[in-house]
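The residues making up each chain are set out below.
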Amino acid sequence: MPKLQSTEDGLIYVKASLINQMKRPNNLEGAKSFGKQVIINVNHIGFLSHNSDGIVAFFMANGFEISINVFFDQAEQILRSAKAGRVDEIF
């Protein structure tokens, strides 16, 4: 199972065990307990950067911050692929 995966539809699949933290009232515990991938629509991502703890994070348009344990270059590659509608995987 890939750590990160983009689809032609502009979706990003993130392996649940990679997610460090998700800040907002509705948290990620349900997805992490089942071990399912978390799906992010690329059109809802405001920007990709490092959060205040120095961890790579997707900052969402709705205010969520999804920090993940991957290298910045890997997250950037998947983000660009999803925006371009290309299938890509990071193992």
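All values derive from a computational prediction rather than experimental measurement. (Residues numbered from 1 in each chain as written. Predicted model: local features only at pLDDT ≥ 70, side-chain atom pairs only at ≥ 80, totals over all residues. Heavy atoms only, no water.)

1. Quick look at the sheet that holds strand 1 (residues 4-6)
Strand pairing in a sheet takes place through backbone hydrogen bonds and is either antiparallel or parallel in direction.
Next up, step 1: In space, the 4 strands of this open sheet follow the order 4-2-1-8, with antiparallel pairing throughout. Looking at strand neighbours, the two that pair on one side only are strand 4 (38-41) and strand 8 (88-90), the edges of this open sheet. Strand-to-strand, the axes of this sheet are offset by a mean angle of 15 degrees, without reference to chain direction. (Pairing = 2+ DSSP bridges. Helix = DSSP H or I, 4+ residues; strand = E, 2+ residues; numbered from the N terminus. Axes fitted to C-alpha atoms, helices over the stretch in contact; angles between N-to-C directions.)

2. Some thoughts on the environment of E65
Next up, step 1: Its place among the elements puts E65 in strand 7 (residues 65-68).
Next up, step 2: Look at E65 and you get buried, because its relative accessible area is 13%.
Next up, step 3: Sequence spacing of E65 and G46 is 19 residues, and the spatial spacing of their C-alpha atoms is 9.9 Å.
Next up, step 4: With near-sequence residues (within four places) excluded, E65 lies in contact with Q21, M22, K23, N51, A57, F58 and F59.
Next up, step 5: Looking at E65, its side chain comes within polar contact range of the side chain of N51, at 3.0 Å. (Buried < 20%, exposed > 50% of the residue type's maximum accessible area, 1.4 Å probe, protein only. Contact = heavy atoms within 4.5 Å. Polar contact = N/O pair within 3.5 Å; in protein donor to acceptor, adjacent residues only side chain to side chain.)

3. Focus: the packing of aromatic side chains
Next up, step 1: What the rule picks out here adds up to 1 aromatic pair.
Next up, step 2: Both rings, one in F47 and one in F59, keep their centres 4.7 Å apart while their planes meet at 15 degrees; by these two values the pair is stacked. With a gap of 12 residues between them, F47 in strand 5 (residues 45-50) and F59 in strand 6 (residues 56-60) connect regions that are remote in the sequence.
Next up, step 3: F47 gets classed as partly exposed once you look at its relative accessible area, which sits at 47%.
Next up, step 4: Take F59: its relative accessible area is 17%, and that puts it in the buried class. (Phe/Tyr/Trp six-rings, centres within 6.5 Å; stacked < 30°, edge-to-face > 60°.)

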